[in-house]
Amino acid sequence: MIPRNLAANPRLSHWVSVRPDGTVDVRCGKVELGQGILTALAQIAADELDVAYDRIRMVPATTDSSPDEGLTAGSRSIEDSGAALRQVGAEVRAVFLAAAAKVLDSSELSVVDGLINDTVSYWDLLDDVDLDVEATGAVEPKPVAERKVMGTSPGRLDIPDKVYGRARFIHDLSLPGMLYGRAVRPPSRGATLVSLDTSKAAELDGVVEIVRDGDFLGVIADREETAVRAAGLLRCEWAERDSLPDVDAMPEFLMSRRTEDVTIVDESTSDDAVTTVAATYSRPYLSHASMAPSCGVARWDGDKLELWTHSQGLHPLRLDICRSLGVAIDQVTLHHVEGAGAYGHNGADDAAFDAVLLARAVNGRPVQVVWSRADELGWAPFGAAMAVHIEADLDAVGEVVAWRHDLYSNGHVSRPGFFAAPALLGSQLRTGTPPPVSMDPPFANGGGSERNSVPLYTFPGQRITKHRLLEMPLRTSSLRALGAYANVFAIESFVDELAFRAGVDPVRYRLRHLSDERARAVITAAADAAGWSRRGEGWGFAFARYSHHGAYCAVVAEVEAETSVRVKRLTLAVDAGAVVSPDGLRNQVEGGAIQSTSWTVKEQVRFDRSRVTSTDWESYPILRFSEVPEVEVVIVDRPDRPSLGAGETAQGPTAAAIANALHSALDVRVRDLPLTPAAIIAAL
Amino acid sequence: MSDETFRLLVNGAEVTVEADRDTPLLYALRNQLGLKGTRFGCGLGLCGSCNVLVDGRVVHSCDTPLWSVDGKAVRTVEGLGDSPLQRAMIDEQAAQCGYCVSGVVMTATALLARNSCPSECEVREALDGNLCRCGAHNRMVRAVLQASQIEAAQ
């Protein structure tokens, strides 16, 4: 069978080249975002090719020569790219074996680290093989038991460079003749430029160009510090208007707008209901808040454009750039260079386009654009604010006989390449066009707002409806877990409320309503590892299977709370199918749990009626070292099952486990995130 | 902006930098001296990504003007050689994206210099000015503790 991503890029040579020096270049369309994906894919390739792991060189993605695998998103890289590389590896190995059979005149062949029958190596056979052929699907990848690199935890390929401070990030690029650019943003959404005085900035030594294209503004200088200073010296008068809702009444706002309503599940209900319980939960807009501001480097050479970017999707970004500027696709080459951790559609694409626009003014010279921290926190797309209303009808003995879930949200995708309208910030500013109202991926692919809105519990009579807003006060797009974070927070909080109402232990209540054996296993594993049976006050539990197709995750949270909540310990159990790298998996789940803790107890994008006001680390605080809980991750290994994406699985259950623990500690239910002291006091 | 000449001892080597006196040390290190290991994070001294040591003390290089470090000794992540702390960071796989790591390593290097055997609590407090978004905190704390034990054993 030919996996989907291989079918789309069928030539073996597109994926793998064996070099005369005995190294193996592996190309894939997935990009390193700090999640360790290239290391995991190298492990898979090494296994199937039968070469040592340290022979593999993962080539950074480029539109020139890498397979097009769309976006690096949705926790799908191991499932999709991993499956493709496994098949590619098996087929490339078979090609070399066929050549060796002729050279050695033997059909009894075995390979150890690229050396066949102790006699001839892959790199000896380069003149005898042709990898420029299409995959056939006729070769079977190895059975699980024969995989040697998979299931081990080799050191990540990229970590030494980062620990020794070597140039590795896009910010570290230093191309010959490179200039430094800065974009200057309006103070608020929808503001228009009334007047511009560039004289002060232009007087500065080293300012090369000042660019105005509609309401897109920027400066280019020979030094970075000069660009920063010149950007601050542009005298701009903007006409602003109030366009933002009341930050302290977001659920009311979300639940009162014009929406597109989509029924996700609609089951028939029984007549046994005697009472209905209901609750509404919400989360605010969240910022990606990556440690590095977004960055792009662009160079025009006549009509040709070369662009270095940390985008999650080179091909969709290229498409949008070409559409925006009327440039032919074959004139534009994009290279991926690592940025800081990306948790979804952040400012990477926009920063790339800023560089493209600025570099047009200095044809032939590369321009590097780095966003300011204020622009990163203020102008990158946000994770959408959401409100979730859940109702359950209970029968005479308190059993759920109907379950209704209504979620209200902007869409979770406004990525470039998917809209006719300009999706890049610079493009919107130069044309005076508002961003396209964000959409959602199809539910069959996990959905966006509605991700994880369908509980795995065996509650009958489910009716699940999504209400996607048709207006968008703040640009929203994909942030780690998309709608799953708020939906799981709501479902798992509500299930906890039902368990308390029924007077049943929350873990037992969940098990009673789950038939999926893998779900039951992770729940039991987390409860056992944490010592749930000996729990005291301040313990909370939650569970979800990410996006209906990904990894299973159960979380036990232990908190201390009075008028604020301190998360002391998190114990997570995760079933991600066959594990490629146990330490890589643990790192992702641990990191996801800590990030989710930060979202849950601290984070909220703040704004007044016109401007985003949370634009530095004091107004947008995130979790600090002394606030980080102890985290234990228990892996429920399923070597015989397909590997499942796990990068987002901890986000939702961690939030609900903390809120449930807070309830256990204080006997208050805080249903609006974040769980700040003010929110807790208000709920007391 | 007019250039002046500044003399610094960077990682043990005497260097001169020609730049405006208010230029942040960070940009001189990265763009003039090619030491890219020190990262820009916020420009306001609030995240620790740009931390370096000036005469042994932790300094945010993003908002430290060149005039203030004239004649002083600056140590960056590149100047640590291959320290036990760096080896411990690799051993613990103490990163996800790794962008904050240089700053964390510098802060922890200063901590270990003044307190060779810190408690976990002391490590966390020392690192509170360093932000990490990926959630690699606990691994980094373990790495610092591991390095302190290795150095103690030597």
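## Focus: the overall build of chain B
Secondary structure summary: chain B contains 5 helices and 5 strands in total. Along chain B, helices (α) and strands (β) appear in the sequence β-β-α-β-β-β-α-α-α-α when read from the amino end. Taken against the 2.2 N^0.38 rule, which gives 15 Å for 154 residues, the C-alpha radius of gyration of chain B at 15 Å falls within 12% of a compact globule. Here the C-alpha coordinates of chain B stretch approximately 45 × 30 × 20 Å along the principal axes. Just so you have it, chain B exposes about 5,600 Å², and 48% of that area is on carbon and sulfur atoms.

## Structural notes on the sheet that holds strand E21 (residues 539-545) of chain A
All names here are of chain A. Taken together, the 4 strands give an open sheet; going across it, the order is E21-E22-E23-E24, and neighbouring strands pair in mixed fashion. The open sheet terminates on both sides in strands that have one partner only, identified here as E21 and strand E24 (630-635). The mean inter-strand angle of the sheet, taken between neighbouring strand axes irrespective of direction, is 15°. As defined by bridge partners, strand E23 (residues 565-575) adjoins E24 across 6 bridges and the pair is classed as parallel. For Val-574, the partnering residue across the bridge sits in E24 and is Ile-635.

## Some points on the domain arrangement of chain A
Residue and element names in this part refer to chain A. Segmenting chain A into domains produces domain 1 (4-163), domain 2 (170-241 + 289-379) and domain 3 (386-412 + 447-683). Computed over C-alpha atoms, the centres of domain 1 and domain 2 are 36 Å apart. Here domain 1 meets domain 2 over a buried area of about 1,300 Å², counting both sides, of which 54% is carbon and sulfur. When residues of domain 1 are sorted by the area they lose upon contact with domain 2, Val-31, Leu-33 and Thr-63 head the list and together hold 43% of the total. On the surface where domain 1 and domain 2 come into contact, there are 1 salt bridge. Glu-338 is the salt-bridge partner of Lys-162, the closest N and O atoms lying 2.9 Å from each other. Here the residues of the side of domain 1 that touches domain 2 sort into 6 nonpolar, 4 polar and 5 charged.

## Thoughts on the interface of chain A and chain B
Contacts between chain A and chain B engage 66 residues on the former and 56 residues on the latter. For the chain A and chain B pair, buried surface summed over both sides reaches about 4,900 Å², with 53% attributable to carbon and sulfur atoms. Area buried by chain A at its contact with chain B is led by Tyr-164, Met-291 and Phe-625 of chain A, which between them contribute 19% of it. At the boundary of chain A with chain B, the tally comes to 7 salt bridges. Here Asp-172 of chain A makes a salt bridge to Arg-30 of chain B, at a shortest N to O gap of 3.1 Å. There are 31 residue pairs in polar contact (both at pLDDT 80 or more) connecting chain A and chain B. The dominant element in the side of chain A that touches chain B, judged by the number of residues it contributes, is helix H16 (residues 582-601) of chain A, at 10 residues. Residue composition of the side of chain A that touches chain B, by class: 29 nonpolar, 16 polar and 21 charged.

## Looking at the packing of aromatic side chains
Residues and elements named next belong to chain A. Under the definition given, this model contains 13 aromatic pairs over all chains. Both rings, one in Trp-532 and one in Phe-541, keep their centres 5.6 Å apart while their planes meet at 75°; by these two values the pair is edge-to-face. The exposure class assigned to Phe-541 is buried, which follows from its relative accessible area of 0%. The structure contains a cluster of three or more aromatic residues connected by ring pairs, namely Trp-403, Tyr-457, Phe-459 and Phe-494. The aromatic ring of Trp-379 is capped on one face by Arg-189, whose charged end is 4.1 Å from the ring centroid.

## Regarding the pattern of salt bridges
Note on pairing: side chains with opposite charge can pair once their charged atoms come close. For the coordinates displayed, the defined rule picks out 52 salt bridges over all chains. Each of the salt bridges in this network shares a partner with another, and the network as a whole consists of Arg-156, Asp-158, Asp-161, Lys-162, Arg-166, Arg-168 and Glu-338 of chain A.

## Here's the deal with the pairing of strand E18 (residues 386-394) of chain A
All names here are of chain A. Most of E18 is tucked away, with 8 of its 9 residues classed as buried. Judged from the 9 bridges that link them, E18 and strand E19 (residues 400-409) form a sheet pairing that is antiparallel. If you follow Ala-392 over to E19, its bridge partner there is Trp-403.

## Points about the packing of H16 of chain A against helix H5 (residues 137-153) of chain B
Close contact between H16 of chain A and H5 of chain B brings their axes to 9 Å; oriented N to C, the two are set at 115°. In this view, H16 of chain A runs roughly perpendicular relative to H5 of chain B, as classed from their interaxial angle. For the pair formed by H16 of chain A and H5 of chain B, the contact residues are Asp-583, Arg-586, Asn-587, Glu-590 and Ile-594 of chain A on the first element and His-137, Asn-138, Arg-139 and Arg-142 of chain B on the second. Residue composition of the contact of H16 of chain A with H5 of chain B, grouped by class: 1 nonpolar, 3 polar and 5 charged.

## Some details on the side chain of Thr-39 of chain A
Residue and element names in this part refer to chain A. The residue Thr-39 is located in helix H3 (residues 37-49) in this model. Look at Thr-39 and you get buried, because its relative accessible area is 5%. A polar atom in the side chain of Thr-39 sits 3.0 Å from the backbone nitrogen of Leu-157. With residues up to four places along the chain from it excluded, the contact list for Thr-39 reads Tyr-53, Pro-154, Gly-155, Arg-156, Leu-157 and Asp-158.

## What about H5 of chain B?
In a regular helix each residue adds 1.5 Å, so 17 residues correspond to 24 Å; H5 of chain B covers 25 Å between its end C-alpha atoms and thus fits that length. Inspection of H5 of chain B places His-137, Asn-138, Arg-139, Met-140, Val-141, Ala-143, Val-144, Leu-145, Gln-146, Ala-147 and Ser-148 of chain B among the buried residues, and these make up the whole buried set. In this fold, the buried residues of H5 of chain B make contact with H16 and E24 of chain A together with helix H2 (84-91), helix H3 (101-114) and helix H4 (120-126) of chain B.

## Some words on unusual backbone geometry
Residue and element names in this part refer to chain A. Residue Pro-674 is reached from Leu-673 by a cis peptide bond, and omega for that bond is 5°. Despite not being glycine, Asp-113 has its phi angle at roughly 50°, a positive value. The topology assignment puts Asp-113 in the loop between strand E4 (111-112) and strand E5 (115-116). In this structure, Asn-452 takes a positive phi of about 60° despite not being glycine. Looking at the secondary structure, you find Asn-452 in the loop between helix H12 (425-431) and strand E20 (462-469). On the basis of relative accessibility, which here comes to 6%, the residue Asn-452 falls in the buried class.

What counts as what
For every chain, the first residue of the written sequence is number 1, and numbering continues from 1 along that sequence. Throughout, the order in which chains and ligands are written sets their labels, letters from A for the former and numbers from 1 for the latter. Owing to the predicted nature of the model, reporting of local features is limited to residues with pLDDT of at least 70; listing and counting of side-chain atom pairs is limited to 80 or more, with chain, interface and lining totals taken over all residues. Side-chain measures here rest on the full set of heavy atoms in the structure, leaving out hydrogens and waters. To qualify as a helix, a DSSP run of H or I must reach at least 4 residues; to qualify as a strand, a run of E must reach at least 2; elements of each kind are numbered from the N terminus. Radius of gyration means the value over C-alpha atoms here, while the globule rule gives 2.2 Å times the residue count to the 0.38 power. Surface exposure here means Shrake-Rupley accessible area, sampled with a 1.4 Å probe, where a residue is shielded only by the protein chains that are shown. Paired strands, in this sense, are two strands between which DSSP finds at least two bridges. Note on method: axes are straight lines fitted to C-alpha atoms, helices fitted across the in-contact stretch only, with angles between N-to-C directions ranging 0 to 180 degrees. What fixes the domain bounds is an automatic or database domain assignment. Here's the idea: put two parts together, see how much 1.4 Å probe accessible area each one loses, and the total over both is what we call buried area. Each reported salt bridge corresponds to a side-chain nitrogen of Lys or Arg within 4 Å of a carboxyl oxygen of Asp or Glu. Throughout, the ten residues Ala, Val, Leu, Ile, Met, Phe, Trp, Tyr, Cys and Pro are labelled nonpolar, Asp, Glu, Lys and Arg are labelled charged, and all others, Gly among them, are labelled polar. Every residue pair with non-hydrogen atoms within 4.5 Å of one another is taken to be in contact. Nitrogen and oxygen atoms within 3.5 Å of one another constitute a polar contact, given that in protein one can donate a hydrogen and the other can accept it, and given that sequence-neighbouring residues count only through two side-chain atoms. Each pair of aromatic rings taken from Phe, Tyr and Trp, with Trp reduced to its six-membered ring, is defined by centres within 6.5 Å and is described as stacked if the planes are under 30 degrees apart, edge-to-face if over 60, and tilted in the remaining cases. In this scheme, a residue with accessible area under 20% of its type's maximum is buried, one over 50% is exposed, and one in between is partly exposed, where area comes from a 1.4 Å probe on protein chains only. For a ring to carry a charge above it, either NZ of a lysine or CZ of an arginine must fall within 6 Å of the ring centroid while also lying within 35 degrees of the normal to the ring plane. Convention used here: angles under 35 degrees read as roughly parallel, angles over 145 as roughly antiparallel, angles from 65 to 115 as roughly perpendicular, and any remaining angle as oblique. What a helix is expected to span follows from its residue count: subtract one and scale by 1.5 Å.

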